Amino acid sequence: LFDKVLEHRVDEVFILTISDKISGTFKTAQSIAKDYEDKLTIHVIDSQTSSYGLKNMVIHLLTWVDQNKATDDILSDMDELIKRTIVFAAVPDLTNLKKGGRISHIKGMIAGVLKLKPILKVHEGYIQPVENVRGFKRTLTNLDQHLVDYVKELGEDSDYKIAVVHSNEPDNAS
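Everything quoted here is computed from the prediction, not taken from an experiment.

> Any details on the side chain of Ser47? Residues and values, ideally.
By secondary structure assignment, the location of Ser47 is in the loop between strand E2 (41–46) and helix H3 (51–66). Accessibility expressed as a relative area gives 0% for Ser47, which makes it buried. Setting aside chain neighbours within four positions, we find Ser47 in contact with Leu16, Thr17, Ile18, Ser19, Leu54, Met57 and Ile82.

> A description of the pairing of strand E5 (residues 126–134) should follow, citing residues and the corresponding values.
Summarising the sheet, strand E4 (residues 116–123) and E5 pair through 8 bridges and their orientation is antiparallel. Bridging across to E5, Ile119 finds its partner in Glu131. Connecting the antiparallel pair E4 and E5 is a turn made up of 2 residues, with Glu124 showing a positive phi of about 55 degrees.

> Could you give me a rundown of the sheet that holds E4, with the residues and numbers involved?
What the 3 strands build is an open sheet, ordered E3-E4-E5; its pairing is antiparallel. Edge strands, defined here as strands with exactly one partner in the open sheet, are strand E3 (87–90) and E5. The sheet shows a mean angle of 20 degrees between the axes of neighbouring strands, direction not considered.

> How would you summarise the packing of H3 against helix H4 (residues 71–84) if you had to cite specific residues and measurements?
To characterise two packed helices, one gives the angle between the axes of the helices and the distance between these axes. Relative orientation of the contacting elements H3 and H4 amounts to 160 degrees, with a least axis distance of 11 Å. Taken together, the axis directions place H3 and H4 in an arrangement best described as roughly antiparallel. When you trace H3 past H4, the crossing you get is right-handed. Seen from H3, the contacting residues are Asn56, Met57, His60, Leu61, Trp64 and Val65; seen from H4, they are Ile74, Asp77, Met78, Leu81 and Ile82.

Criteria and thresholds
Residues numbered from 1 in each chain as written. Predicted model: local features only at pLDDT ≥ 70, side-chain atom pairs only at ≥ 80, totals over all residues. Heavy atoms only, no water. Helix = DSSP H or I, 4+ residues; strand = E, 2+ residues; numbered from the N terminus. Buried < 20%, exposed > 50% of the residue type's maximum accessible area, 1.4 Å probe, protein only. Contact = heavy atoms within 4.5 Å. Pairing = 2+ DSSP bridges. Axes fitted to C-alpha atoms, helices over the stretch in contact; angles between N-to-C directions. Parallel < 35°, antiparallel > 145°, perpendicular 65-115°, else oblique. Left-handed = near helix turned anticlockwise from the far one by under 90°.

In structure tokens:
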């Protein structure tokens, strides 16, 4: 990839990765970037988030680059955006959390029997439990309340963006 970048005579690259605490992508990007440090200025940035939080950062980064913003300003603004980004999630099925080792098999079985669905947040790189709720409809209601509470905590003068995304669950995203 970096060889192609060099062919286009690009001299500076920004790489935003999913949180280092939930994926090895950041370390891999750092390792590869070292091989090119004498040919290219590469900024490998740990987004400390995932999903739409990362997409939002990419959108901001592209805007700042298009505005010819200075690199130091981009890195500083990105650092602020990373600190302010929180992703909340309602998980209807615990299968992937069990497979990925995020929860134990036994906890997953108990949660399945009790129909517990977690509300999670990704902040400062970590996936953190917020609440376990019985039934997915109630989980979505509680998720809405957590978002309302978070916006209130930010204050009405704060600049924020809220996005509702889904993973093959469009009916639950409304």
